[in-house]
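Spelled out from the first residue to the last, the chains are:
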Amino acid sequence: MILKESSFSTFLYFISHFTIKKTLSTSHKSPTPLKVSSLVTQSCFLIPILLSSILHAFSFWGIRGLRMIMWTILLVLAILHRASSHGIQPLSRIAIHKATLALDNLAYVKASPTVLGLNGQNTEWVTVEYSSPNPSMDDWIGVFSPANFSASTCPAENPRVYPPLLCSAPIKFQYANYTSPDYKVNGKGSLKLQLINQRSDFSFALFSNGFLNPKLVAVSNTVSFANPNAPVYPCLAQGKQWDEMTVTWTSGYGIDEAEPFVQWGPKGGHQQHSPAVTLTFDRSSVCGAPARTIGWRDPGFIHTSFLKELWLNRVYTYKLGHRLFSTYVWSQEYQFRASPFPGQNSLQRVVIFGDMGKDEADGSNEYNNFQRGSLNATKQLIKDLKNIDIVFHIGDICYANGYISQWDQFTAQIEPIASAVPYMLASGNHERDWPGTGSFYENNDSGGECGVLAETMFFVPAENRAKYWYSTDYGMFRFCIADSEHDWREGTEQYKFIEHCLASVDRQKQPWLVFLAHRVLGYSSDLSYAVEGSFGEPMAKENLQKLWQKYKVDIAIYGHAHNYERTCPIYENQCTDNEKRYYKGTLKGTIHVAGGAGASLSPFTTLKTKWSLFRDYDYGFIKLTAFDHSNLLFEYKKSSDGKVYDSFRISRDYRDILACTVDSCPLTTLAS
């Protein structure tokens, strides 16, 4: 293969563009989304092409050609890494359905203590000791719940009478030599693992032969919490009225067994009981594998209670309760501060992020290679919780991707935050997207969940939680939360909602208008968007930017792009203000921000866009502080240390909002 010099750059573009377009098709609308297995196949297919290209480039163009082709290879490998790590659930590495029995009488697994939560704890550490007569570097320990994970637990319509013998994935795994470097030599090891109360007992299993064709060598004794059905992991959310707070939690009690309620009242004052509604779902409620197959786990019962007619800014205490005939089961006591009324002039602090995911404090599941920032972000928010009033997690919640046990793990991780301040969600591709279910993007990113988990386990004040768009007021803020996984184009039901949300706010009382969505419906220099040439979701700006401009949206914030970026005030690809840190007077354009708190990072394009003011290839979150009706502070903080790395201020009064700018007022009025 001999190329003319003039065609060299074209060749490079073809190789990189072909690879990027293919590998990124899972993140954007595609009738035939690419799976991880095909990514590996494609990368193998490209290797001989790239190697051949290196030889020809060197022989024809010398060092210059070699450098350029190597740059392209690095770009391709970076994209392949992003596509293969973006949203991959570590548990999916384990082909548990291919497991075979290789029980060895000389091997053992022992776990202690056997009873957890004797003092009401819902999180405990266990010690697992194990031994194998034939140790190997790829031996691993799996944590299973329920403890019986044999073929007898498989769905009746799919009996297992021959290998594969197992049909439920572990909820955790760790290599046998993780903290026992001599395991390969002496065959003995131990682990300390953290368990949470998840409505069932646990067992620990030793497997050999790696993850692809695992062999079950030994199974431990069972471990259980003193009360596995206890009410756990409350999550607050704003109700449909400003003076209403909802509390959602999980338990093992169905409504036929016990009556769920919340005991609550002003701190130190009279306590009352409010009943809770109860929801659950089964395998038939979710849409496909692995959620219906090896990822399935009984979700228990999800309860929501509505605490109404709250006094603004008053501190309330509450406890989760279940009445079993004449006895009661209680959670610990929590407290929250009621929301300010719409327009109230007081200090109001909002935290916003997307794509945080979850991680394991014990180092299991190898999340460190995927969601490094998750625990860091959670710890920073807990550390600064006294200075946070409400949280918005805008999509890609925990990346369970069909492994349902992970939702419990996530709600346990955020409990210190979500039990104290409203924890509001937006829908992301890893919660909702599944072919043939009404998702705007026909891909497999939800792992068969198709929105069921997020819609059931968390309350949002939407008219229909299957259509995850809603508005909520918090003091001087109006938040319009879009569902980027449903069609948002002009003329659709969601487009009409967005316009009504933006148009109906009284900017004299609520001057700070914020638009939130998971996918970048505005502007982003993320490499995947740059390759598409859209610098954001295709068709999004064309359909929505006139609404942002007409109704003078201050800030639009997104997830999905796993990096941090802030634009200038912008309209139709043009900066409308050259200022970078301090904006005052008439609002001329919307500032767009994208970023993620914890999931695997994605690269920026090397192209320089005039509207991109600040980029950071790191994990972080946004904090908005409204001091009054005229002054707003924006801060970007890193998950690693909680320090501010980017900020700006907005100062203006109501007359500035009333003033007309391009496309923000009618072309003609009665006066004219």
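Note that this is a predicted model, so its numbers are computed, not measured.

A. Quick look at the overall build of the protein chain. Within the protein chain, the regular secondary structure consists of 11 helices and 32 strands. With 672 residues in all, the protein chain has 60% of them scored as buried. Long-range pairs, those at least 24 residues apart, make up 73% of the contacts in the protein chain between residues at least 6 apart in sequence. Carbon and sulfur atoms make up 55% of the accessible area of the protein chain, which totals about 27,100 Å².

B. Geometry of the pattern of salt bridges. Overall, the coordinates contain 26 salt bridges when judged by the stated rule. Here Arg655 and Asp653 are joined by a salt bridge, their closest N and O atoms 2.8 Å apart.

C. Spotlight on the environment of Lys552. By the element assignment, Lys552 lies in the loop between α10 (540-550) and β24 (555-558). In this structure Lys552 comes out as buried when scored by relative accessible area, which is 5%. Each C-alpha atom of the pair Lys552 and Cys660 lies 9.7 Å from the other, and the pair is 108 residues apart in sequence. Setting aside anything within four residues of it in sequence, one finds Lys552 in contact with Arg507, Leu513, Leu547, Leu587, Ile657, Leu658, Ala659, Cys660 and Ser664.

D. Main features of the state of the cysteines. The final tally for this structure, using the stated rule, is 4 disulfides. The residue that forms a disulfide with Cys287 is Cys450, at a sulfur-sulfur distance of 2.0 Å. When the S-S torsion is 80 degrees, as for the bridge of Cys287 with Cys450, the disulfide is right-handed. Of the two residues, Cys287 is situated in the loop between β14 (272-279) and β15 (301-307) and Cys450 in the loop between α6 (429-432) and α7 (452-457); the sequence distance between them amounts to 163 residues. When its relative accessible area of 30% is taken as the criterion, Cys287 is described as partly exposed. For Cys450, a relative accessible area of 8% puts it in the buried group.

E. The nonpolar core, seen in detail. With 70 residues, the main nonpolar core has Ile352, Phe392, Tyr423, Phe479 and Leu624 as its most contacted residues. A per-element tally of this core places helix α5 (residues 405-418) first, with 5 residues. Not counting chain neighbours up to four residues away, the residues in contact with Ile352 comprise Phe392, Ile394, Phe479, Leu516, Ile557, Phe621, Ile622 and Leu624. If you look at the next biggest cluster of nonpolar residues, it comprises 28 residues, including Cys480, Cys501, Leu513 and Tyr551.

F. Seen up close, the packing of helix α4 (residues 373-383) against α5. Contact geometry of α4 with α5 gives a least axis separation of 9 Å together with a crossing angle of 20 degrees. Taken together, the axes of α4 and α5 lie roughly parallel to each other. For the crossing formed where α4 meets α5, the hand is left-handed. Within the contact between the two elements, α4 uses Ser374, Leu375, Thr378, Leu381 and Ile382 and α5 uses Gln413, Pro416 and Ile417.

G. Representation of the environment of Arg649 within the structure. By secondary structure assignment, the location of Arg649 is in strand β32 (residues 644-651). Remark: the alpha-carbon pair of Arg649 and Glu635, spanning 14 residues in sequence, is separated by 8.9 Å. Not counting chain neighbours up to four residues away, the residues in contact with Arg649 comprise Arg581, Tyr582, Tyr583, Leu632 and Leu633.

H. Region of interest: the packing of aromatic side chains. For the coordinates displayed, the defined rule picks out 31 aromatic pairs. Each ring, one from Tyr583 and one from Phe648, has its centre 5.6 Å from the other, and the planes form 80 degrees; the classification is edge-to-face. Of this pair, Tyr583 sits in strand β27 (residues 582-584) while Phe648 sits in strand β32, and the two are 65 residues apart along the sequence. You'll find Tyr583 and Phe648 in the same group, each marked buried. Seen from the ring of Tyr441, Arg519 lies directly overhead, with NZ or CZ sitting 3.5 Å from the centre.

I. Spatial organisation of the pairing of strand β19 (residues 390-394). The element β19 is extensively covered by neighbouring structure, given that 5 of its 5 residues are classed as buried. Residues Ile390, Phe392 and Ile394 of β19 are buried on one face, and the alternating residues Val391 and His393, pointing to the opposite face, are buried as well. The pairing of strand β18 (residues 348-353) with β19 spans 4 bridges and is classified as parallel. Note on β19: the bridge partner recorded for Ile352 is Phe392. Sheet topology note: the β19/strand β20 (residues 423-426) ladder contains 4 bridges and is parallel. Each residue of the ladder has a partner; that of Phe392, found in β20, is Met424. Where the polypeptide runs from β19 across α5 and back to β20, its parallel neighbour, the crossover connection is right-handed.

J. Geometry of the sheet that holds strand β1 (residues 100-101). Strand order in the open sheet formed by 5 strands is β1-β9-β8-β5-β6, with mixed pairing between adjacent strands. With partners counted over all chains shown, the strands left at the sheet margins are β1 and β6 (172-175), one partner each. Both strand β5 (residues 140-144) and strand β8 (residues 203-208) contribute to a ladder of 5 bridges, which runs antiparallel. Note on β8: the bridge partner recorded for Gly142 is Ala205.

K. Layout of α10. With respect to burial, α10 is a largely interior element, 8 of its 11 residues being buried. If you check which residues of α10 are buried, you get Ala540, Lys541, Asn543, Leu544, Gln545, Leu547, Trp548 and Gln549. Of the surrounding secondary structure, the elements contacted by the buried residues of α10 are α8 (493-503), β23 (512-517), β24, β25 (564-571) and β28 (590-594). Where α10 terminates, the next one or two residues include Lys552, which has phi positive at roughly 60 degrees.

Calculation rules
Residues numbered from 1 in each chain as written. Predicted model: local features only at pLDDT ≥ 70, side-chain atom pairs only at ≥ 80, totals over all residues. Heavy atoms only, no water. Helix = DSSP H or I, 4+ residues; strand = E, 2+ residues; numbered from the N terminus. Buried < 20%, exposed > 50% of the residue type's maximum accessible area, 1.4 Å probe, protein only. Contact = heavy atoms within 4.5 Å. Areas by Shrake-Rupley, 256 points an atom, 1.4 Å probe, with all protein chains shown as cover. Salt bridge = Lys/Arg side-chain N within 4 Å of Asp/Glu carboxyl O. Disulfide = S-S within 2.5 Å. Core = buried A, V, L, I, M, F, W, Y, C linked by side-chain atoms within 4.5 Å. Axes fitted to C-alpha atoms, helices over the stretch in contact; angles between N-to-C directions. Parallel < 35°, antiparallel > 145°, perpendicular 65-115°, else oblique. Left-handed = near helix turned anticlockwise from the far one by under 90°. Phe/Tyr/Trp six-rings, centres within 6.5 Å; stacked < 30°, edge-to-face > 60°. Lys NZ or Arg CZ within 6 Å of the ring centre and 35° of its normal. Pairing = 2+ DSSP bridges. Right-handed = clockwise from strand over helix to strand, strands pointing away.

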